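Here is how the chains run, residue by residue.
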Amino acid sequence: MTSLAVHSLTSLTWPAVRDLSAGRTIAVLPTGAVEAHGPHLPLGTDVIIADAMARAGAERLAARGLHVLLLPSLALAPAPFASQFAGTLHTPAEATVMMVTGVVRSLGAHGFRVTAIANAHHDPAQVQALRVAVTDIAEHDYGTLVFPDLTRRRWAERLTAEFRSGACHAGRYEGSIVLAARPDLVRRDLMSALPPNPRSLVDAIRRGDRTFSEAGGGDAYFGFPAEATAEEGREIIETLGMILEEAVMEAINLPL
């Protein structure tokens with residue numbers, strides 16, 4: 001099958017978008033957050049990961065004969081767990097629902113009926129907002145919103161042991177991806193000296209903890225940051241791309 005193109009929406013002209021085959025085009029929306037990720041990773045870590053996932057999935061979908069529109073990243077999100085840390089931008093969950101559904105509706109008005117979310121921000125408030133958006137789109141028949149929710153076992157079991165443990169905020173999992181995608185933004189001197197913090201955010205959420213500090217992450221990181229490697233990061237990005245591809249192909253009823 002001929003590989004079609006991955007298009008950055010903001011780089012195209014409006015006639016170029018108009019002339020795409022809407023029925024063979026998938027829009028991909030990366031969603032992240034601006035929030036504290038330890039003393040060693042940038043505030044935009046989730047956006048970096050979402051962009052990497054979106055690009056990897058887009059390339060795989062294009063290789064299957066689909067056009068892909070890469071949308072601008074949605075970087076603002078509810079981030080209550082990290083809100084006490086300087087630089088974190090904690091926005092209302094309702095705003096995320098409105099932005100995501102608004103994007104899907106706008107694309108649908110021009111014939112693009114399938115949008116996939118590449119989400120890398122797993123705060124419960126964000127995950128719930130995206131689930132609400134999926135339901136809203138389906139109920140109003142605005143199109144198809146595909147959300148491979150990495151907090152669900154089906155997808156999580158494809159990722160690393162640290163991710164599955166729930167101790168993965170700014171740890172080995174996220175640190176590895178940023179080392180692979182944006183090594184210039186990593187404070188490697190600090191990362192290599194950070195002690196492990198194996199406390200699970202999943203367990204903390206079940207206990208009712210509401211902030212990183214309550215969960216035992218006074219420096220806004222969990223997991224094993226010193227173990228991060230760019231090689232593992234590249235492997236994770238490839239897996240994230242496969243997950244996005246699989247979710248889209250399933251949603252549009254095409255065989256893998």
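Residues numbered from 1 in each chain as written. Predicted model: local features only at pLDDT ≥ 70, side-chain atom pairs only at ≥ 80, totals over all residues. Heavy atoms only, no water.

Notes on the overall build of the protein chain
Basically, it comes down to this: Under the DSSP-based scheme used, a helix requires at least four consecutive residues in state H or I and a strand at least two consecutive residues in state E, with every element numbered from the N terminus. What the globule rule says is 2.2 Å times the number of residues to the power 0.38, and the radius of gyration is computed from C-alpha atoms. A simple rule labels every residue: compare its accessible area, found with a 1.4 Å probe on the protein chains alone, to the largest value its type can have, and call it buried under 20%, exposed over 50%, or partly exposed in between. The contact criterion used throughout is that any non-hydrogen atoms of two residues lie within 4.5 Å. Note that accessible areas follow from Shrake-Rupley with a 1.4 Å probe, and for residues the cover is restricted to the protein chains shown.
Scanning the protein chain from terminus to terminus reveals 10 helices and 5 strands. Relative to a compact globule of 256 residues, whose C-alpha radius of gyration would be 18 Å, the protein chain shows 18 Å and is just as compact. A principal-axis box enclosing the C-alpha atoms of the protein chain has dimensions of 55 × 35 × 30 Å. Taken over 256 residues, the protein chain has a buried fraction of 51%. Across the protein chain, every contact between residues at least 6 apart in sequence was considered, and the portion connecting residues at least 24 apart equals 77%. Element-wise, carbon and sulfur atoms account for 54% of the exposed surface of the protein chain, whose accessible area totals about 11,400 Å².

Digging into the environment of Asp189
With respect to the helices and strands, Asp189 occurs in helix α8 (residues 188-193). Owing to a relative accessible area of 47%, Asp189 belongs among the partly exposed residues under this scheme.

Things to note about the packing of helix α2 (residues 45-63) against helix α7 (residues 172-181)
How we decide: A fitted line through C-alpha atoms serves as each axis, taken over the contacting stretch for helices, and the angle formed by two N-to-C directions is quoted from 0 to 180°. Should an angle fall under 35 degrees it is called roughly parallel, over 145 degrees roughly antiparallel, and 65 to 115 degrees roughly perpendicular, with every other angle called oblique. Here a crossing is called left-handed whenever its near helix is offset anticlockwise from the far helix by less than a right angle, and right-handed whenever the offset is clockwise. Only Asp, Glu, Lys and Arg are considered charged, only Ala, Val, Leu, Ile, Met, Phe, Trp, Tyr, Cys and Pro nonpolar, and every remaining residue, Gly among them, polar.
Contact geometry for α2 and α7: axes closest at 10 Å, N-to-C directions at 70°. It follows that α2 is roughly perpendicular to α7 by the angle criterion. In the packing of α2 onto α7, the handedness of the crossing is left-handed. Packed against α2, whose contacting residues are Thr45, Asp46, Ile48 and Ile49, the element α7 presents Glu174, Ile177, Val178 and Ala181 at the interface. For the contact of α2 with α7, the residue count by class is 5 nonpolar, 1 polar and 2 charged.

Focus: the environment of Glu235
Mapped onto the secondary structure, Glu235 falls in helix α10 (residues 230-251). What makes Glu235 partly exposed here is its relative accessible area of 48%. Note: C-alpha distance between Glu235 and Leu159 (76 residues apart in sequence) is 9.7 Å.

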